[in-house]
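Now for the letters of each chain:
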Amino acid sequence: MKKRLALLVAAGMTMAALVGCGNGQAQTTAQPQEQNTEADSEQENTEAALQETDAESEETDGAPEEASGDITGKTIGYLIPDTSESFLSWLSNGVKEKFEADGVKLEIADAAGDSAKQISQIENFAASGTDLIIVMAVDPTSVGDALKRAQEQGTLVMVAGSDTGVYDASMMTDQYDDGCQMAQMAVTWIDEVYPDAEPGSIEVAILESRDTPEASLRCDGMNTIVELSNKVSVVQTVGGVKDNATAQSAMENIMQVNPDIKVVLCYNSGGGMGVNEFVMRQGSPVSDPSKFAVFASDTDEASLDLVAKSATDEAVLRGIIKFGSNDLIGDTYNLAKKMISGESYEVMNPDPLTKVTPENVAEIQ
């Protein structure tokens, strides 16, 4: 700006001098034309210089602040709803491993499904001066005030999986669509394996978890299966199922009452792997695994392996919903690293959803 101002002043003085000279020689005929030529040339040079200065100013003013890139000694709090869920444990520990290699201390906080406990964890991280917290909220509607206070104390907030309303960056998933896509995979399998099934003849069980508003949205999507196919009849719905052991226990009870169930929709991969283990174990009430299918959400290495094995009926977990790219751990790590290093980053980072089946699982693994 100073350079531009100086050029403007210089241009004004030059023009004034030329005008003065022109007035002093008004009696001649050739001189005014020569002075005008000089004035035009000087004006063109001044305008060119001003344009160059504007370009330089735009480059300087528009450039993001350069980050030091050194994140050694930074601190991160990773707040997880429940580390007993295999997917969440896999994700958080994978991110932690990457940051440890950078000299960053990352602490994983398990809320064990308790929203009040998670709010306390947020407050503790902020009070201790933690540089960044990554929050997968137990209840997205309850943590907003705590996150705002953390920001005011200088802690950056990154949220994942749900919309808390307060954040510096987010990686969000459409949970309702997640459940709907799970139901769509199940209907596709039913039409292939039971093409001539009578209306309501394919019995389905749904293993839900509605402990958060976001979780309820996914479960609502799962229940759209009855709208997608008239062959389907949901005969049992069991809540609070998110891990292997609980899923196996639920299936024990379900199959005693409804031994003809052919499809089970599970809230997450933990539940899906539990149902798979129940069906494939010795003495299972399911006599023909090729006629049985499980569908779930939230991929990890173990669940992807089962989907691959289902192609030869060595497993019955036949489809799973993956959110994020093929490197969700890397995506989370890269966004968080940009935030604590001072680099520029995208505020909104929506996670795409992908149906993983035996046909495309090799591309995901």
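Scroll up to find the structure.
Residues numbered from 1 in each chain as written. Predicted model: local features only at pLDDT ≥ 70, side-chain atom pairs only at ≥ 80, totals over all residues. Heavy atoms only, no water.

## With respect to the packing of helix H10 (residues 269-280) against helix H11 (residues 301-309)
Then comes step 1: Between H10 and H11, the shortest axis-to-axis distance is 10 Å and the interhelical angle comes to 45°. Between H10 and H11, the angle is such that the two are oblique. Handedness of the crossing formed by H10 with H11: left-handed. Contacts from Ser 269, Met 273 and Asn 276 of H10 reach H11 at Ala 302, Ser 303 and Leu 306.
Then comes step 2: In terms of residue class, the contact of H10 with H11 is made up of three nonpolar, three polar and no charged. (Axes fitted to C-alpha atoms, helices over the stretch in contact; angles between N-to-C directions. Helix = DSSP H or I, 4+ residues; strand = E, 2+ residues; numbered from the N terminus. Parallel < 35°, antiparallel > 145°, perpendicular 65-115°, else oblique. Left-handed = near helix turned anticlockwise from the far one by under 90°. Contact = heavy atoms within 4.5 Å. Nonpolar A, V, L, I, M, F, W, Y, C, P; charged D, E, K, R; others polar.)

## Concerning the sheet that holds strand E1 (residues 75-80)
Then comes step 1: If you trace the five strands from one edge of the open sheet to the other, you get E2-E1-E3-E4-E5, paired in parallel fashion. The sheet is open, and its two edges are formed by strand E2 (105-110) and strand E5 (169-171), each paired on a single side. For this sheet the average axis-to-axis angle between neighbouring strands, irrespective of direction, equals 15°.
Then comes step 2: Bridge analysis of strand E3 (residues 132-135) against strand E4 (residues 156-160) gives four bridges, and the strand direction is parallel. When the bridges of E4 are listed, Val 135 appears paired with Val 159.
Then comes step 3: The strands touched by helix H4 (residues 115-127) are E1, E2 and E3; relative to E1, the strand with the most contacts, the crossing angle is about 175°. (Pairing = 2+ DSSP bridges.)

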